[in-house]
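Coordinate analysis (summary)
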Amino acid sequence: MLVLDTAELPSRDRAEAVFAAMLTATPACRLVHWDPDAVLRARIDLWDFGGVFLWRHEGSGVRMTRTAAHIRRDAPETVAIALQEFGRARRIQAAHTADLRRGDLLLSDLTAPYDYAWSGVGAASALSIPYERLGLPVDLVRRAVPLLCTSSLYGFVRDHLARLAADADVLGADAGASGLGEASVSLVRALLVSAARHDPQARPALAETLPVRIHAYIDLHLRDPLLRPAVIAAAHGISLRQLYRLVQPPHSSLEQWIINRRLEGVRADLGRPENGRRPIAEVARSWGFADPSHFGRRFRAAYGLTPREWRRLLTENG
């Protein structure tokens, strides 16, 4: 949902409008425009995923400072995980300084002071999550902040947030928006627990978030031909029996579920115009099928058509 687009306003009214819009999307802070002599540009959007809010800010450079005085006046018990979409930024909170570039993730504890700024033109998307929904101790979260990039889930959560922001209008209007918000909270919780895995407070949370982390691991490695239940179990330090107990796909074994998801990926890719001249075997290999004959048999058993027949059918009806 569009909150503000300064392109619709006269230059003299833009600074005040941006400040008012930021108060809608974020807790109280001091907002300063990086270059007061430059033409101010800003677009701010906000979406509600069942009480988990996603906001996106794109425009000219800004500096946001949240002080102890702001916290005494307005202190929602919330964390915000942000993706720097483009531009370069810096965030200082407690003793941790983060220099951010395109594609970097950042987590801010909004119950503590911080200073965040970017120069030039930039954009960032941030998901705000109440602590009570996150279900983790504040101390654990703060200790995890500088360790996010050490987690194997970092790339997965980054890609999830990027997709959420890119398709927010459609996803936010979907009947499943609240469920998507809850799934996003689970992923962020798993990321923090993974990053703080050596923290004594993380041990109970590690057990609670294990199914989420396993599913994220499978998603991250789905195209890897070496992905097998034994590999998944070993990566999480559990036995195969524990793995099968934790991950029970409906109407399917774990092995077959992985194969079915790969087949769905191949089928979708074969229907994309940009793959029209790409060899079928190459598409199959990109989804973890090293043996073309084995892949062909699996595809026909699943869909009743050979991959070539499926591609031809799509071409004829396209």
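In the block above lies the structure referred to throughout.
Residues numbered from 1 in each chain as written. Predicted model: local features only at pLDDT ≥ 70, side-chain atom pairs only at ≥ 80, totals over all residues. Heavy atoms only, no water.

A closer look at the overall build of the protein chain
Just so we agree on the cut-off: Each helix corresponds to a stretch of at least 4 residues labelled H or I by DSSP, and each strand to a stretch of at least 2 residues labelled E; elements are numbered beginning at the N terminus. Per-residue accessibility, obtained with a 1.4 Å probe over protein chains only, is compared with the maximum for each type, and a residue is labelled buried under 20%, exposed over 50%, and partly exposed between these values. By the convention used here, residues are in contact when the closest approach between their heavy atoms is within 4.5 Å. The Shrake-Rupley method, run with a 1.4 Å probe, gives the accessible areas here. Residue values count only the displayed protein chains as cover. Positive: Lys, Arg. Negative: Asp, Glu. His and the chain ends are not part of the count. The location of each charge is read from NZ of Lys, CZ of Arg, CG of Asp or CD of Glu.
Scanning the protein chain from terminus to terminus reveals 15 helices and nine strands. In terms of overall dimensions, the protein chain has C-alpha extents of about 65 × 50 × 35 Å along its principal axes. Residues counted as buried form 46% of the 318 residues belonging to the protein chain. Taking all contacts inside the protein chain whose residues are at least 6 apart in sequence as the whole, residues at least 24 apart take part in 68%. Only carbon and sulfur atoms are counted for the fraction: they give 53% of the accessible area of the protein chain, which is about 16,400 Å². Between the centroid of the 41 positive side chains of the protein chain and the centroid of its 35 negative side chains there is a distance of 7 Å.

Notes on the environment of Gly-135
Mapping Gly-135 onto the fold places it in the loop between α3 (131–134) and α4 (138–144). By relative accessible area, which is 53% here, Gly-135 ends up exposed. Separated by 54 residues in sequence, Gly-135 and Arg-189 place their C-alpha atoms 7.8 Å apart.

Let's talk about the packing of helix α7 (residues 177–195) against helix α9 (residues 210–221)
When two helices pack together, their arrangement is captured by the angle between the axes and the distance separating the axes. This is how the line gets drawn: Whenever a helix is involved, its axis is fitted only over the stretch in contact; in every case the axis is a line through C-alpha atoms, and angles between N-to-C directions fall within 0 to 180 degrees. By the definition adopted for this analysis, an angle is roughly parallel if under 35 degrees, roughly antiparallel if over 145, roughly perpendicular if from 65 to 115, and oblique otherwise. Gly falls in the polar group here, along with every residue not listed as nonpolar (Ala, Val, Leu, Ile, Met, Phe, Trp, Tyr, Cys, Pro) or charged (Asp, Glu, Lys, Arg).
α9 packs onto α7 with a crossing angle of 95° between their chain directions and a minimal axis gap of 9 Å. Judged by the angle between their axes, α7 and α9 are roughly perpendicular. Residue-level inspection shows Ser-186, Leu-187, Ala-190 and Ser-194 of α7 in contact with α9, the latter providing Val-212, Arg-213 and Ala-216. Considered class by class, the residues forming the contact of α7 with α9 number four nonpolar, two polar and one charged.

What to know about the pattern of salt bridges
When the charged atoms of two side chains lie near each other, side chains of opposite charge can form a pair. Here is the rule we go by: Salt bridges, as used here, are contacts in which a Lys or Arg side-chain nitrogen is within 4 Å of a carboxyl oxygen on Asp or Glu.
Considering all chains together, one arrives at 13 salt bridges under this definition. Here Arg-43 makes a salt bridge to Asp-45, at a shortest N to O gap of 2.9 Å. On the basis of relative accessible area, Arg-43 is assigned to the partly exposed category, the value being 33%. In this structure, Arg-142 and Asp-109 form a salt bridge, with 2.4 Å as the shortest nitrogen-oxygen distance. Here Arg-142 is found in helix α4, whereas its partner Asp-109 is found in strand β8 (residues 105–109), with 33 residues between them in sequence. According to the relative accessible area criterion, Asp-109 is buried, its value standing at 1%. One salt-bridge network, held together by shared partners, links Asp-5, Arg-43 and Asp-45.

As for the packing of aromatic side chains
Stated formally: Classification of ring pairs uses Phe, Tyr and Trp, with its six-membered ring standing for Trp, and accepts pairs whose centres are within 6.5 Å; under 30 degrees between planes counts as stacked, over 60 as edge-to-face, and the remaining range as tilted. Only lysine NZ and arginine CZ atoms are considered, and such an atom sits over a ring when it is within 6 Å of the ring centre and within 35 degrees of the ring normal.
All told, the structure shown has four aromatic pairs when counted by the stated rule. With a centroid separation of 6.1 Å and an interplanar angle of 90°, the aromatic rings of Tyr-116 and Trp-118 are classed as edge-to-face. Comparing Tyr-116 with Trp-118 shows no difference in burial state: the two are buried. Three or more aromatic residues joined by ring pairs form one cluster here, namely Phe-289, Phe-295, Phe-299 and Tyr-303. The ring centre of Trp-287 lies 3.7 Å from the NZ or CZ of Arg-223, which sits over that ring. Here the guanidinium or amino end of Arg-267 rests over the ring plane of Trp-310, the centre of that ring lying 5.4 Å away.

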